[in-house]
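# Residue-level structural notes
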Amino acid sequence: MEILHVSAECYPVAKAGGLGDVVGALPKYQTQLGHLAKVVMPMYRSKYLYNHEWELVHESGTYLGNTWFRYAVIKEKTNELGFDLYLLDINGLLDREKVYGYDDDTERFTAFQIAVVHWLATWEHRPDVVHVHDHHAGLIPFMMKYCYAYQSLRTIKTVFTIHNAQYQGWMGWNKSHYLPSFDNWKSGMLEWQDSINPLAAAVKCADKVTTVSQSYMEELRFQANGLEDLFEYEKGKCSGILNGIDTEVWDPETDPLLPYNYGIADVTEGKELNKKSVCQHFGLDAQKPLFIFIGRLVGEKAAEILPSAIGEAASSIQWPAQLYCIGQWRP
């Protein structure tokens, strides 16, 4: 089976969260199982881009609304990640260092998706599955089924995986002209609560919808930032598949980011040495208990209960303790 993953992130090329970890690992293990897995993502100006060799595989142009743009697709030569990696470049939109956080993110990712579908339509063969991830690729199933220029793609099966349903890529209807010409009778497939909602569109249009766990799939029917009714209605094609861990990357015996590597035989000593290293770096007392929180400071990460949870934990051990927090707030 040939599977094309479309994502805004892929570790180690560019990562802002768990999405990058999954897209960096899942295709590798699919390939090891005998499938032909590929990933296409934006060509950010990252260190990975400049430290690897690439070949140009496609150049063309298409429209974002009334604006013509050129795009190019390059492929990593060595297959270093264990699967075919493609980067799609659009000058002026995707040539940025950061993944997110720009005022024109709507235009950036809409143009990226249009270019991906435009490129896919030129392939001499067809992949068996197009697997899109989060709202940044959520318009692709709609375009493959209902945009007139891409009717040749409508028989390809699509899978949509939700890594975080809180961010949905909302667009006003004044930007509907960004999309290639489509059947207006199908505009309801784009709409949710009077706006274009790429995440909702993907849930409606994809053949299958998955999330990062079965419990998260159940949660979305009750807490999905306004999409609860949609997940209840579409539950027949939705399933949760628990995220795994890439044991080749997250191996403390070989992890290059750890000051001291360790295995099962010396796990206690190894963790103690790494704790001492952290405490020394940040001026903390290695003799005291250390609590660490790493994550976005938002509700789905339980950030609102962090202060009380730490207080209760510190009180329960009846010993002075320390907290180190790495967090980012993202509206």
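Scroll up to find the structure this text is about.
Note that the structure is predicted; figures quoted are calculated from it, not measured. (Residues numbered from 1 in each chain as written. Predicted model: local features only at pLDDT ≥ 70, side-chain atom pairs only at ≥ 80, totals over all residues. Heavy atoms only, no water.)

### Describing the sheet that holds strand 3 (residues 54-64)
Spatially, the nine strands line up as an open sheet ordered 3-4-5-2-1-6-7-10-11, and their pairing is mixed. The outermost strands of the open sheet, each flanked by one partner alone, are strand 3 and strand 11 (238-240). Here the average twist between neighbouring strands, direction ignored, is 25 degrees. Sheet topology places strand 2 (residues 36-42) next to strand 5 (residues 84-89); five bridges connect them, and they run parallel. Across the sheet, residue lysine 38 finds its bridge partner in strand 5, namely aspartate 84. Running over the sheet, helix 5 (residues 198-205) touches strand 7 (157-162) and strand 10 (208-211) and is turned about 135 degrees from strand 7. (Pairing = 2+ DSSP bridges. Helix = DSSP H or I, 4+ residues; strand = E, 2+ residues; numbered from the N terminus. Axes fitted to C-alpha atoms, helices over the stretch in contact; angles between N-to-C directions. Contact = heavy atoms within 4.5 Å.)

### Overview of the environment of asparagine 261
By the element assignment, asparagine 261 lies in the loop between strand 11 and helix 8 (267-282). Assessed through its relative accessible area of 37%, asparagine 261 is described here as partly exposed. Distance in space between the C-alpha atoms of asparagine 261 and lysine 271 is 8.9 Å, their sequence separation being 10 residues. Once residues within four sequence positions are removed from consideration, asparagine 261 is found in contact with Pro252, Glu253, Thr254, Asp255 and Asp266. (Buried < 20%, exposed > 50% of the residue type's maximum accessible area, 1.4 Å probe, protein only.)

### Considering the nonpolar core
Val6, Leu88, Ile140 and Ile162 are the most contacted members of the largest nonpolar core, which has 61 residues in total. At eight residues, helix 3 (residues 105-120) tops the list of elements feeding residues into this core. Ala8, Tyr44, Leu49 and Phe109 belong to the second largest nonpolar core, which has 21 residues in total. (Core = buried A, V, L, I, M, F, W, Y, C linked by side-chain atoms within 4.5 Å.)

### Side note on helix 1 (residues 18-32)
Given a rise of 1.5 Å per residue, 15 residues ought to cover 21 Å, and the 22 Å separating the end C-alpha atoms of helix 1 matches this to within 8%. Regarding helix 1, the residues found buried are Leu19, Gly20, Val22, Val23, Gly24, Ala25, Pro27, Lys28 and Gln30. Of the surrounding secondary structure, the elements contacted by the buried residues of helix 1 are strand 1 (2-6), strand 2 and strand 6 (129-133). Positioned one or two residues after helix 1, glycine 34 has a phi angle of 105 degrees, which is positive. (Expected span 1.5 Å × (residues − 1).)

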